[in-house]
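For reference, the chains in residue letters:
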Amino acid sequence: MNVELTRFRVKDGKSAVVDEWLAFLNDNMKDVLVTLEGEKMYVETIFRETLDGNEYLYWYSIQGEGGQEVETSAHWIDEKHMAYWQECIDPEFAPVDLTTAVVMIPESIKTNMK
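Residues numbered from 1 in each chain as written. Predicted model: local features only at pLDDT ≥ 70, side-chain atom pairs only at ≥ 80, totals over all residues. Heavy atoms only, no water.

Describing the pairing of strand β3 (residues 54-63)
At step 1: With 8 of 10 residues buried, β3 is to be regarded as a mostly interior element.
At step 2: Two elements, strand β1 (residues 2-9) and β3, share 8 bridges in a ladder whose sense is antiparallel. Considered in β3, the bridge of Phe-8 is made with Leu-57.
At step 3: By the bridge criterion, 10 bridges tie strand β2 (residues 41-51) to β3 in an arrangement that is antiparallel. Bridge pairing in β3 places Phe-47 opposite Tyr-58.
At step 4: Hairpin connection of β2 to β3: 2 residues between the antiparallel strands, including Asp-52 at a positive phi of 55°. (Buried < 20%, exposed > 50% of the residue type's maximum accessible area, 1.4 Å probe, protein only. Helix = DSSP H or I, 4+ residues; strand = E, 2+ residues; numbered from the N terminus. Pairing = 2+ DSSP bridges.)

A short note on the packing of helix α1 (residues 15-27) against helix α3 (residues 76-88)
At step 1: Between α1 and α3, whose axes approach to 10 Å, the crossing angle comes to 165°. Looking at the two axes, α1 sits roughly antiparallel to α3. In the crossing of α1 with α3, the sense of the turn from one axis to the other is left-handed. Contacts from Val-17, Val-18, Glu-20, Trp-21, Phe-24 and Leu-25 in α1 reach Trp-76, Ile-77, Lys-80, His-81, Tyr-84, Trp-85, Glu-87 and Cys-88 in α3.
At step 2: The residue makeup of the contact of α1 with α3, split by class, is 10 nonpolar, 1 polar and 3 charged. (Axes fitted to C-alpha atoms, helices over the stretch in contact; angles between N-to-C directions. Parallel < 35°, antiparallel > 145°, perpendicular 65-115°, else oblique. Left-handed = near helix turned anticlockwise from the far one by under 90°. Contact = heavy atoms within 4.5 Å. Nonpolar A, V, L, I, M, F, W, Y, C, P; charged D, E, K, R; others polar.)

Read these as layout, nothing more, since geometry by itself doesn't imply function.
Right, here's the structure in full:
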């Protein structure tokens, strides 16, 4: 099981498109959840922050081993998601993986995740 939290910077001037992107994901959650199963993505959460005039998106996830990569998916949700990614995420900013210090998941939940 892989637990991650990664920060990505949003390109300048793309906040309105990020609004649209996150609304798209929320509005199509039924289909989003279908794609997560193939990725063995048990939990995926996106956080948003503006810090020192820059906007950031944070991805928190708990993922099993051997799932499909979102980049290789042909599902329409993933294709649209990756199009938003290309438009909004700043490739000049190296993503920052925060260090996992403690993972607290009860065994009963872990068992259901597998």
